[in-house]
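Fold and geometry: a report
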Amino acid sequence: QVQLVESGGGLVQAGGSLRLSCAASGSMFAINSMGWYRQAPGKQRELVARITIGGSTNYEDFVKGRFTISAENAKRVVYLQMNSLKPEDTGVYYCYFNLSWGASLDLDYWGQGTQVTVSS
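The structure displayed is predicted, hence computed values, not measured ones. All residue numbers refer to position in the chain's written sequence, counted from 1. Selection of residues for local features in this predicted model requires a pLDDT of at least 70, selection of side-chain atom pairs for listing and counting requires 80 or more, and totals for whole chains, interfaces and linings are taken over all residues. Excluded from the side-chain calculations are hydrogens and water; all other atoms, namely the structure's heavy atoms, are used.

1. Concerning the overall build of the protein chain
Filter applied, for reference: Secondary structure elements follow DSSP: runs of H or I no shorter than four residues count as helices, runs of E no shorter than two count as strands, and numbering proceeds from the N terminus. Computation of the radius of gyration draws on C-alpha atoms, with the globule rule given as 2.2 Å multiplied by the number of residues to the power 0.38. A simple rule labels every residue: compare its accessible area, found with a 1.4 Å probe on the protein chains alone, to the largest value its type can have, and call it buried under 20%, exposed over 50%, or partly exposed in between. Contacts between residues were defined by any pair of non-hydrogen atoms, one from each residue, lying within 4.5 Å. Accessible surface area values rest on a Shrake-Rupley calculation with a 1.4 Å probe, where residue burial reflects the displayed protein chains alone. Under this rule, positive means Lys or Arg and negative means Asp or Glu; His and the chain ends count for nothing. Every charge is mapped to an atom, namely NZ of Lys, CZ of Arg, CG of Asp or CD of Glu.
Assigned secondary structure in the protein chain consists of zero helices and eleven strands. Over its C-alpha atoms the protein chain spans a radius of gyration of 14 Å, differing by no more than 12% from the 14 Å that the globule rule assigns to 120 residues. Dimensions of the protein chain, computed from the C-alpha atoms along their principal axes, are close to 50 × 25 × 25 Å. Out of the 120 residues belonging to the protein chain, those deemed buried represent 39%. Taking all contacts inside the protein chain whose residues are at least 6 apart in sequence as the whole, residues at least 24 apart take part in 55%. In the form shown here, the protein chain has an accessible surface area of approximately 6300 Å², with 47% of it arising from carbon and sulfur atoms. Between the centroid of the 10 positive side chains of the protein chain and the centroid of its 9 negative side chains there is a distance of 4 Å.

2. Describing the packing of aromatic side chains
Basically, it comes down to this: Think of it this way: a Phe, Tyr or Trp ring, Trp meaning its six-membered ring, pairs with another when their centres are within 6.5 Å, and the plane angle makes it stacked under 30 degrees, edge-to-face over 60, tilted otherwise.
Summed over all chains, the structure comprises four aromatic pairs. Consider the rings of Y37 and Y96, whose centres lie 5.6 Å apart with planes at 70°: the pair is edge-to-face. Of this pair, Y37 sits in strand 4 (residues 30-39) while Y96 sits in strand 9 (residues 91-100), placing them 59 residues apart in sequence. Classification of Y96 by relative accessible area gives buried; the value is 6%. Measuring from ring centre to ring centre gives 6.4 Å for W101 and Y109, while their planes differ by 65°; the resulting arrangement is edge-to-face. Overall, W101 belongs to the partly exposed group, its relative accessible area being 32%. Among the aromatic residues, ring-to-ring pairing joins Y37, Y96 and W110 into one connected group.

3. Here we look at the sheet that holds strand 7 (residues 67-72)
The criterion, for reference: Strands pair, by our definition, only if DSSP identifies at least two bridges between them. For helices, the fitted line uses only the C-alpha atoms of the stretch in contact; every axis is such a line through C-alpha atoms, and the angle between N-to-C directions lies from 0 to 180 degrees.
One open sheet accounts for four strands, arranged 1-3-8-7; its pairing is antiparallel. On the outer flanks of this sheet lie strand 1 (3-7) and strand 7, each paired with one strand and no other. Direction aside, the axes of adjacent strands within the sheet are offset by 15° on average. Direction of pairing for strand 1 relative to strand 3 (residues 18-25): antiparallel, over a ladder of five bridges. Each bridged residue has a counterpart across the sheet, and for S7 the counterpart in strand 3 is S21.

4. A closer look at the side chain of D89
Convention followed: A 3.5 Å cut-off defines polar contacts: any pair of N or O atoms within that distance qualifies, except that in protein one atom must be a possible hydrogen donor and the other a possible acceptor, and neighbouring residues in sequence count only when both atoms are side-chain atoms.
Examined against the element boundaries, D89 turns out to sit in the loop between strand 8 (77-82) and strand 9. Here D89 falls in the buried class, since its relative accessible area comes to 1%. A polar atom in the side chain of D89 sits 2.8 Å from the backbone nitrogen of K86.

Okay, here's the thing in structure tokens:
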């Protein structure tokens, strides 16, 4: 059974920084990609950033230049360094791992979410 455990959320003032971590455990065949979504109150969950097992990264425009995603593949950990935080970055941040189980069977696994609150 695959489990993802997140850490690093909290309360920070605007302009501050936080670093989120997400560690995966359990049996897994292969990792395709990892990433972070967030969900603000009353809004849909949205992609923040993703990284492939090969190291390619994608960022949504609203975090480009401020957030950095990285991973330690061997340790099955993905990070999200968040700098220059804004109040609109407030929300619950969820990590995910997209895993391949072979035969074109790819599945997403999610963390429990960690709260990030940015005060103005």
